[in-house]
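Here's the letter readout for the chains.
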Amino acid sequence: MLKLTDVVAHYGPIQVLKSVNLEVRAGEIVCLLGGNASGKSTTMKTILGVVRPTAGRVEFEDQRIDRLPTETIVRRGISLVPEARRIFARMTVWENLAMGAFTRQKAPAGELAADVERVYALFPRLAERQHQLGGTLSGGEQQMLAIGRALMARPRLLLMDEPSMGLAPVLVDQVFDIIQSINRLGTTILVVEQNAAVALSIASRGYVLQNGRIVVHDAARALLAADHIRRAYLGED
Amino acid sequence: MATAGWQRRMAWVLGAVAVVGPLAAPNDYWIGVMARICLYATLALGLNIVVGFAGLLDLGYVAFFGIGSYLYAFLASTHFGLHLPFLLAVPIVVVLTAFSGILIGAPTLRLRGDYLAIVTLGFGEITYLLLINLDRPVNITGGPSGIIGIDPPAVAGFALSRNTQYYYLFLAALALTLLASGRLRRSRIGWAWQAIREDELAARAMGINTTVAKLQAFAIGASFAGIGGSFLASWQRSVFPENFLFTESINILAMVILGGMGNLLGVVMGATLLVSLPEVFRDLQRYRLLVFGLMLMVLMVFRPEGLLTLQGRHDEEAEPGA
Ligand SMILES: Nc1ncnc2c1ncn2[C@@H]1O[C@H](COP(=O)(O)OP(=O)(O)O)[C@@H](O)[C@H]1O
Ligand SMILES: [Mg+2]
């Protein structure tokens, strides 16, 4: 479904992604692991077209998307839950969700309303707070809102950048349960996580990024079992 | 909701007061002050689009006011001998000023916050310097002595001359820009601006073309200054570089912030206060600006979010996607 081939990306003169090769097949949950500043978020932004790759190709459903504007990429079916949530603080919960459907301006109003209800069914807390400003929500609620907002674009591939960041352990489990149920409903997921153990427990495969290169790639179970990998790349001991 | 209903009622009351205002004014001087309130409120609404809606801190807005004024002076004065009719000149000025908004906005697209503020401030200064120096080798702007002999607005052969007439003309323009601002805010582009203001990266991730949206904000914001500039030029019958100093940018920005950024009624109230208070304190002679400054400080300390805040807009909820 998604394929990155030798992707290189720069911020100004600094090369951040040196060679990223990665594939996500339809229906999977794939986990992208790596230490701080290894380029995980940049990989996500490159897929979405927010950062332009300087070399290599990004293909989605067998078509090149690395030259397309983000708007088109979102329309094609990829959406992002950004790192640190980045909800619109001075918009209400409902408005945040509606912003998620920004590219779907041609969709009938009834369809959008039904999608909002679907998000509320997944996150009943958001329904209770639909008229509250996003900035007044708790961290966990904001994460739910960020996920709900991304779902409003009706993605076939959902990119999630550290969805458990800053959440209490109970909430982390809850978020990963929800990621799993979103996946079961038919959305393919590529998730970036520092929290390797939890993420790998729901993923089918994992990639490890180090210094802008994919250095390890294996089945999730194998990565979980391999002690040396966990020590070397995932910062665990 | 309660707040919004209250604001709406207040808007109607203020509107009614504005229409009958000249009858209650003690003299022609005060009608002139009222006209200036309308003029500055229009400018403040334009800056509000850039700063309040899109969250782009523009410290050089006066550049567009200057460009608008001078363009009108070029088109309708003895300076170049062009005497385009008011109803033709104003739309041309508005379009050209909007275009200047794109030209000045384009280089700033990648800048944010403090950097954007500094660069726009620079553009404001550059514009002022151009106005003051472009009288040689070819006399374009009239240099320090500006342009005089500007045509007054004439509609259907009837030339405006009295302050009351200008007042109603400016009031009509204010009503128009107020209406346009309200509509824009609830439009697709208005939601895009608000998303950019809240979080630019998230806005891009939603599929918003932030480049286009920002340029639209600069263009539309500048177009309001095109209206204000034409009106100033035709009312003063002259324009001078000194009308477009940096302090004017700050003055207009203060109207936007004082009123509560993004809140339309608040912005109009901010303009009303900032134009009229110095007049009220005129008797205090040289202390009036001091008193004025103190009042601003007190106001901002006790109402840091401005007179009216963004809250209470949910009775007019519209779908961003619509
Ligand atoms: N907008 C940016 N401009 C310049 N450098 C950046 C920018 N964003 C990230 N970087 C740098 O790129 C590297 C990778 O960042 P990132 O992709 O955010 O890493 P990760 O998500 O793995 O922590 C880091 O060294 C970071 O400092
Ligand atoms: Mg990151």
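Rules used in this analysis
Residues numbered from 1 in each chain as written. Chains lettered and ligands numbered in written order. Predicted model: local features only at pLDDT ≥ 70, side-chain atom pairs only at ≥ 80, totals over all residues. Heavy atoms only, no water. Near = heavy atom within 4 Å. Polar contact = N/O pair within 3.5 Å; in protein donor to acceptor, adjacent residues only side chain to side chain. Areas by Shrake-Rupley, 256 points an atom, 1.4 Å probe, with all protein chains shown as cover. Helix = DSSP H or I, 4+ residues; strand = E, 2+ residues; numbered from the N terminus. Nonpolar A, V, L, I, M, F, W, Y, C, P; charged D, E, K, R; others polar. Donors = N, O, S within 2.8 Å, 3.2 Å for Na, K, Ca; no water. Buried < 20%, exposed > 50% of the residue type's maximum accessible area, 1.4 Å probe, protein only. Patch = residues over 30% accessible without salt bridge, like charges linked within 9 Å, V, L, I, M, F, W, Y side chains within 5 Å. Salt bridge = Lys/Arg side-chain N within 4 Å of Asp/Glu carboxyl O. Domains from an automatic or database assignment. Contact = heavy atoms within 4.5 Å. Buried area = accessible area lost by both parts, 1.4 Å probe.

As a further point, take the site of ligand 1. Residues and elements named next belong to chain A. With respect to spatial proximity, the complete set of residues near ligand 1 consists of Tyr11, Val16, Gly35, Asn36, Ala37, Ser38, Gly39, Lys40, Ser41 and Thr42. Interatomic distance of 3.0 Å between a backbone N/O atom of Gly39 and an oxygen atom of ligand 1. With the chains in place, 59% of the 560 Å² that ligand 1 exposes on its own is no longer accessible. Broken down by element, the shell around ligand 1 gets its largest block of residues, 3 residues, from helix H1 (residues 40-48). Of the residues belonging to the shell around ligand 1, the class tally is 3 nonpolar, 6 polar and 1 charged.

Residues and elements named next belong to chain A. In this structure, Ser41 (OG), Glu83 (OE) and Glu83 (OE) serve as the protein donors to the magnesium ion (ligand 2), at separations of 2.0 to 2.8 Å. Of this pair, Ser41 sits in helix H1 while Glu83 sits in the loop between strand S6 (78-81) and helix H3 (93-100), placing them 42 residues apart in sequence. The class of Ser41 is buried, set by a relative accessible area of 14%.

Now for a nonpolar patch on the surface. Where nonpolar side chains cluster on the molecular surface, the patch consists of Phe80(B), Leu82(B), Ile126(B), Leu130(B), Leu134(B), Val138(B) and Ile140(B) and spans about 580 Å² of accessible area. Structurally, the position occupied by Phe80(B) is in the loop between helix H3 (62-75) and helix H4 (86-105).

With that settled, the discussion passes to the domain arrangement of chain A. Residues and elements named next belong to chain A. Taken domain by domain, chain A consists of domain 1 (1-77 + 155-237) and domain 2 (84-153). Contacts between domain 1 and domain 2 engage 16 residues on the former and 14 residues on the latter. Taking both sides of the interface into account, the surface hidden between domain 1 and domain 2 amounts to around 1200 Å²; carbon and sulfur atoms contribute 71%. Summed over the three residues of domain 1 that lose the most area to domain 2, namely Arg75, Pro155 and Ile178, the buried surface amounts to 33% of that side. Where domain 1 touches domain 2, the interface holds 0 salt bridges. Counting across the domain 1 and domain 2 interface gives 4 residue pairs in polar contact (both at pLDDT 80 or more). Breaking the side of domain 1 that touches domain 2 down by element, the ones donating at least two residues are helix H2 (70-76), strand S7 (157-161) and helix H7 (169-184). Broken down by element, the residue count for the side of domain 1 that touches domain 2 peaks at 6 residues, all from H7.

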